[in-house]
Amino acid sequence: METERLATVMWRAEASLERCSLQKSEHGYRLVGQTLLVEDGTPYSIGYVVTTEDDWTTRHVKLIVDRAVTRQGLFLYAREGRWKRGCEAVAELKGCLDV
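Below or above, wherever it landed, is the structure these notes cover. Predicted model, so just to flag it, every value in this text is computed and none were measured. (Residues numbered from 1 in each chain as written. Predicted model: local features only at pLDDT ≥ 70, side-chain atom pairs only at ≥ 80, totals over all residues. Heavy atoms only, no water.)

Here's the deal with the overall build of the protein
Secondary structure summary: the protein contains zero helices and eight strands in total. Principal-axis analysis of the C-alpha atoms gives the protein an extent of 40 × 35 × 20 Å. Every one of the 99 residues in the protein was classed for burial, and the buried ones make up 29%. Put simply, 14% of the contacts in the protein that link residues at least 6 apart link residues at least 24 apart. Here the protein has roughly 7,200 Å² of accessible surface; of this, 53% comes from carbon and sulfur atoms. Between the mean site of the 14 positive side-chain charges and the mean site of the 15 negative ones, the protein shows a separation of 4 Å. (Helix = DSSP H or I, 4+ residues; strand = E, 2+ residues; numbered from the N terminus. Buried < 20%, exposed > 50% of the residue type's maximum accessible area, 1.4 Å probe, protein only. Contact = heavy atoms within 4.5 Å. Areas by Shrake-Rupley, 256 points an atom, 1.4 Å probe, with all protein chains shown as cover. Lys, Arg positive; Asp, Glu negative; His and termini not counted. Charge placed at Lys NZ, Arg CZ, Asp CG, Glu CD.)

Right, dumping it as structure tokens:
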């Protein structure tokens, strides 16, 4: 099954602009988005992907933050309330069903 786009929205806050799409995939849903903002004169771009099961249980979170000269990423995986970053457990998120 191909990914089906269900909805796309865009909105503006005081200092940011965000766009995201909700997609249906074979095993659940994906929320794919991008936020653009300027903070203290520094431009930021924040991209994210949240993947869920059919019952909306979050399974993967990917976040990429681009600043003027740096780029950082965060990749989280979850099973039954146990979150991992790579192979390491994330104790602060133990028992969370969503982030």
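Re the pattern of salt bridges
On inspection of all chains with the given rule, the structure shows four salt bridges. As a salt-bridge pair, Lys 24 and Asp 54 come within 2.5 Å of each other at their nearest N and O atoms. Placement of the pair is Lys 24 in strand β2 (residues 16-25) and Asp 54 in the loop between β4 (42-53) and β5 (58-66), with a sequence separation of 30 residues. Residue Lys 24 is classed as buried on the basis of its relative accessible area of 15%. A relative accessible area of 45% places Asp 54 in the partly exposed class. The closest approach of N and O atoms between Arg 82 and Glu 80, which form a salt bridge, is 3.8 Å. (Salt bridge = Lys/Arg side-chain N within 4 Å of Asp/Glu carboxyl O.)

Section: the sheet that holds strand β8 (residues 88-89)
In spatial order, the strands read β1-β2-β3-β4-β5-β6-β7-β8; together these eight strands make up an open sheet with antiparallel pairing. Strand pairing shows two members of the sheet lacking a second neighbour, β1 (4-12) and β8, which therefore form its edges. Looking at chain direction, β5 and strand β6 (residues 71-79) are connected through seven bridges and run antiparallel. When the sheet's bridge partners are listed, Asp 66 is paired in β6 with Arg 71. (Pairing = 2+ DSSP bridges.)

Focus on the environment of Phe 75
Along the chain, Phe 75 turns up in strand β6. Taking the relative accessible area as the measure of exposure, Phe 75 reaches 36% and is therefore partly exposed. Dropping the residues within four chain positions of it, Phe 75 is found in contact with Val 61, Lys 62, Ile 64, Lys 84, Arg 85 and Gly 86.

Concerning unusual backbone geometry
What is expected of a backbone is that most residues other than glycine have negative phi and most peptide bonds are trans. We note that Asp 40 has phi near 55 degrees; this positive angle belongs to a residue other than glycine. Examined against the element boundaries, Asp 40 turns out to sit in the loop between β3 (28-39) and β4. On the basis of relative accessibility, which here comes to 78%, the residue Asp 40 falls in the exposed class. The phi torsion at Glu 80 lies on the positive side, around 50 degrees, for a residue other than glycine. With respect to the element layout, Glu 80 can be found in the loop between β6 and β7 (82-85). Classification of Glu 80 by relative accessible area gives exposed; the value is 66%.

Fair warning: the whole summary comes from geometry, so function is off the table for now.
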